[in-house]
Amino acid sequence: LVAQGITYPLEMIRRRMQMRTSKELGNDSVQNTIKTLIRTEGFGGLFKGFSLNVLKGPLAIGISFATFDTLKEWFGLDQSK
């Protein structure tokens, strides 16, 4: 969760640079994108959508574990029984 919080602004910058449809986003360079993003949306713009991303992570891991355990049972590979 800590690593996700540290790297999330970089992901936001990467996404903004991939949005080539709008010139006001500052797609020229990483530095220009950071400056434009902070100027237009404030420092919080770097963390836009972070709360949903925090919720998505544990849910995805939980679903993966549940699916893995269910498939192990279906195929008779569960060694704990």
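What you are looking at is a predicted structure, and each value in this text was computed from that prediction instead of being measured. (Residues numbered from 1 in each chain as written. Predicted model: local features only at pLDDT ≥ 70, side-chain atom pairs only at ≥ 80, totals over all residues. Heavy atoms only, no water.)

A. Structural view of the packing of helix 1 (residues 2-18) against helix 3 (residues 50-74). Where helix 1 meets helix 3, the closest approach of the two axes is 11 Å, and the angle between their N-to-C directions is 135°. By the angle between their axes, helix 1 is oblique relative to helix 3. Classified by chirality, the crossing of helix 3 by helix 1 is right-handed. For the pair helix 1 and helix 3, contact is made by Gln4, Gly5 and Tyr8 and by Phe50, Asn53 and Val54, respectively. (Axes fitted to C-alpha atoms, helices over the stretch in contact; angles between N-to-C directions. Helix = DSSP H or I, 4+ residues; strand = E, 2+ residues; numbered from the N terminus. Parallel < 35°, antiparallel > 145°, perpendicular 65-115°, else oblique. Left-handed = near helix turned anticlockwise from the far one by under 90°. Contact = heavy atoms within 4.5 Å.)

B. Here's a closer look at the packing of helix 1 against helix 2 (residues 30-41). The interhelical angle for the contact between helix 1 and helix 2, taken along N-to-C directions, is 100°, at an axis separation of 10 Å. Comparing their axes, helix 2 and helix 1 come out roughly perpendicular. Contacts between helix 1 and helix 2 involve Met12, Ile13, Arg16 and Met17 from the first element and Val30, Thr33, Ile34, Leu37 and Glu41 from the second. Taken together, the residues of the contact of helix 1 with helix 2 break down into six nonpolar, one polar and two charged. (Nonpolar A, V, L, I, M, F, W, Y, C, P; charged D, E, K, R; others polar.)

C. Fine view of helix 1. The end-to-end C-alpha separation of helix 1 is 25 Å, in line with the 24 Å expected for 17 residues at 1.5 Å each. The largest bend along helix 1 measures about 40° and falls at Tyr8, with the proline Pro9 one to four residues further on. When helix 1 is considered as a whole, its buried residues turn out to be Gly5, Tyr8, Pro9, Met12, Ile13, Arg16 and Met17. On its buried face, helix 1 is in contact with helix 2 and helix 3. (Expected span 1.5 Å × (residues − 1). Bend = angle between axes of the 7 residues up to and from the residue. Buried < 20%, exposed > 50% of the residue type's maximum accessible area, 1.4 Å probe, protein only.)

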